[in-house]
Amino acid sequence: MRGWMGKFRSLFLFGALTLLLSGCGVDNLSALKPKGYGSELLFDLMLISIAIMLFVFVIVMAIYTFVLIRYRQKKGQEDFIPKQTEGVKALEIIWTVIPIILLLVLAVPTVQATFDLADESTKDDEGVTTIEVTGNQFWWHFGYPNDEISTSQDLYIPVGEKVYLDMKSSDVIHSFWVPSIAGKMDTNPGDNNNTMSLEAYEEGVYWGQCTELCGESHSLMDFRVIAVSPEDYEQWKEDMQNVDPEAEAQTADAQEGQDLFENSCMGCHAIGDGAAGQGPNLTNFANRTKIAGILEPSKENLVNWIVNPEEIKPGNQMPANLVSEEEASKIADYLLELDHSDIGPESVDEQPQEED
Ligand code: HEC
Ligand SMILES: [Cu+2]
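Now for a look at the structure at hand.

The rules behind each value
Residues numbered from 1 in each chain as written. Chains lettered and ligands numbered in written order. Predicted model: local features only at pLDDT ≥ 70, side-chain atom pairs only at ≥ 80, totals over all residues. Heavy atoms only, no water. Axes fitted to C-alpha atoms, helices over the stretch in contact; angles between N-to-C directions. Helix = DSSP H or I, 4+ residues; strand = E, 2+ residues; numbered from the N terminus. Parallel < 35°, antiparallel > 145°, perpendicular 65-115°, else oblique. Contact = heavy atoms within 4.5 Å. Nonpolar A, V, L, I, M, F, W, Y, C, P; charged D, E, K, R; others polar. Pairing = 2+ DSSP bridges. Patch = residues over 30% accessible without salt bridge, like charges linked within 9 Å, V, L, I, M, F, W, Y side chains within 5 Å. Areas by Shrake-Rupley, 256 points an atom, 1.4 Å probe, with all protein chains shown as cover. Salt bridge = Lys/Arg side-chain N within 4 Å of Asp/Glu carboxyl O. Lys, Arg positive; Asp, Glu negative; His and termini not counted. Charge placed at Lys NZ, Arg CZ, Asp CG, Glu CD. Buried < 20%, exposed > 50% of the residue type's maximum accessible area, 1.4 Å probe, protein only. Expected span 1.5 Å × (residues − 1).

1. Regarding the packing of helix 5 (residues 252-264) against helix 8 (residues 325-335)
Right, on to step 1. The geometry of helix 5 relative to helix 8 is characterised by a closest axis approach of 7 Å and an angle of 100° between their N-to-C directions. Overall, the two elements helix 5 and helix 8 adopt an arrangement that is roughly perpendicular. Together, Asp 253, Ala 254, Glu 256, Gly 257, Gln 258, Leu 260 and Phe 261 of helix 5 and Glu 327, Lys 330, Ile 331, Asp 333, Tyr 334 and Leu 335 of helix 8 make up the contact between the two elements.
Right, on to step 2. The class makeup of the residues in the contact of helix 5 with helix 8 is 6 nonpolar, 2 polar and 5 charged.

2. Brief notes about the sheet that holds strand 9 (residues 204-210)
Right, on to step 1. Read across the open sheet, the 5 strands follow the order 4-10-9-6-7; overall the sheet is mixed. Edge positions in the sheet fall to strand 4 (154-158) and strand 7 (184-187), since each of these pairs with one other strand and no more. Taking the axes of each pair of neighbouring strands and ignoring which way they run, one obtains an average angle of 25° across the sheet.
Right, on to step 2. Both strand 9 and strand 10 (residues 222-228) contribute to a ladder of 6 bridges, which runs antiparallel.

3. Some words on a negative patch on the surface
Right, on to step 1. A surface patch of like charges, here negative, comprises Asp 244, Glu 246, Glu 248, Asp 259 and Glu 262.
Right, on to step 2. Structurally, Glu 262 is set in helix 5.
Right, on to step 3. For Glu 262, a relative accessible area of 36% corresponds to the partly exposed category.

4. What to know about helix 5
Right, on to step 1. The end-to-end C-alpha distance of helix 5, which contains 13 residues, comes to 18 Å, matching closely the 18 Å that a straight helix rising 1.5 Å per residue would cover.
Right, on to step 2. Buried within helix 5 we find Ala 254, Gly 257, Gln 258, Leu 260 and Phe 261.

Here it is in structure tokens:
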């Protein structure tokens, strides 16, 4: 008996610890710490529903406890049948009307928030940014059609401004979710574009994830939204527009890497606002928060990725062994020189915190 209890207790402790520790993890990936317009609306709805649930729970439990104690069978009452109360109109009306009222209390702000989230009244206004988002197995393309900028994985937006996303997929259905600042939206293949808006209240690097099971490496389809000050955003746009894709690499190795890159990789990757090929646009690559959305941006990781991406993201569309490890090292030197802007993840006020 004791052994059983012991096992049970450690199971319980394990469960409690899991719950507790899952609260650590990465910061800026939590719908419970809203830092943007959409996430704030959704968080408020969560609070309202929890309040209603608690209200119902407390009242039902109070009545239940009262009835348990007050009407329990007493000594000498073995054969006693209490007064039956079916069909009491007043009671039935009460327990029909109260839930209806509670549902209305929940429905009104929910419908209101649904319309607020879908509001696109400022979309065509002067100076409002619309960004094209394309989900791909297993990466994100971001295009700024009015500014002739193409990028991927890191989405730059100005803080405190509502920007619109025009969203589609190049293959299967993906879902774009940045829990700290917005709700989530599916990206569909074909011409069935969805739109949503993003507005961050604070500068920051916000974690995003694909939340539609889209293939083998679905869980590795991470991205970031980087909300910078409006001045930094303007500077970033200018820097991105002035990229010269043919600029000579600086060191000898990097120059060799550049040639190799042009021969073996340019079929799928572009630098500058080139046509988005089959792979991510690598403009400003040296400023990425991660490689392929998941790896720390070190040279070693980059070489490993170039030689064998399959090992890192199974099922992804980049072929393995296009170049030797030595060649990959030179290409990495070149790619890590692609530092096209001084504005990067380090430009935001608050730095993200990695796992504890
Ligand atoms: C057949 C098309 C194709 C070719 C050729 C190709 N890649 Fe890729 N590459 C991709 C795709 C697709 C991805 C995105 C993979 C993912 O994240 O799922 C990618 C991702 C990358 C990334 C990570 C990008 C990011 O945004 O973090 C790097 C770096 C990269 N490739 C470098 C190279 C280099 C160097 C070569 C040449 C040796 C090359 N690629 C050749 C398709 C290609
Ligand atoms: Cu996906």
